[in-house]
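Understanding the architecture of this molecule
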Amino acid sequence: MITKCVIESLETEEDNLIGLDKVIADLDGTGSYFLNVFNNKGVDLGILKLKKGETDTQLPHEVNEVYFVVEGNGFIEMEGKLKPVKRADFIFVSANVQHRFIVDNQDLVVIYFFPS
């Protein structure tokens, strides 16, 4: 499991801006389907990218989470119920709720946020 954050790869501490293209390129180079981007100052932020046929294996988290669909479409399964998701959707998942993403016919790229 990848726990290194993209922010750690930036050259100086003053670098607090990172482009989505770099984040996706870094994610594609990991062999994982998710990558933490920032995990300090009270917030965790990361990105996940699922291709058709890949399985989202995440477990429930102990904190509330917010997801933002960057591209693609599919479903989020929460406590056994499927809800369709598409580009530009925000999704709120309460703490300790079983959930996972399922890809439809396009790769699904999602940014996640939660308090650290």
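To keep things clear, this report deals only with the structure shown in the data block. None of the values given here were measured: they were computed from a predicted structure.

Quick look at helix H1 (residues 20-28) now. Considered for burial, the residues of H1 that qualify are Val23, Ile24 and Leu27. Burial along H1 is one-sided: seen end-on, the buried residues are contained in an arc of 95°. Those residues of H1 that are buried are in contact with strand E1 (34-40), strand E2 (43-50) and strand E6 (99-115).

Roughly 300 Å³ of internal volume is contained in the largest pocket. Lining the largest pocket are 15 residues; nearest its centre among them are Tyr33, Phe34, Gln58, His61 and Tyr112. Across the lining of the largest pocket, the residue classes tally to 8 nonpolar, 4 polar and 3 charged.

Before going further, it helps to spend a moment on unusual backbone geometry. For Ala88, which is not glycine, the phi torsion reads 80° and is therefore positive. You can see Ala88 is positioned in the loop between strand E4 (81-86) and strand E5 (90-93). On the basis of relative accessibility, which here comes to 39%, the residue Ala88 falls in the partly exposed class. Unlike most non-glycine residues, Asn96 shows phi in positive territory, near 65°. Look at Asn96 and you get exposed, because its relative accessible area is 53%.

Definitions and cut-offs
- Residues numbered from 1 in each chain as written.
- Predicted model: local features only at pLDDT ≥ 70, side-chain atom pairs only at ≥ 80, totals over all residues.
- Heavy atoms only, no water.
- Buried < 20%, exposed > 50% of the residue type's maximum accessible area, 1.4 Å probe, protein only.
- Helix = DSSP H or I, 4+ residues; strand = E, 2+ residues; numbered from the N terminus.
- Arc of directions from axis to C-beta.
- Contact = heavy atoms within 4.5 Å.
- 1 Å grid on protein atoms, 1.4 Å probe; cavity = no way out; pocket = protein on both sides within 12 Å on 5 of 7 lines; lining within 4 Å.
- Points joined across faces, edges and corners; volume = space filled by probe spheres on them.
- Nonpolar A, V, L, I, M, F, W, Y, C, P; charged D, E, K, R; others polar.

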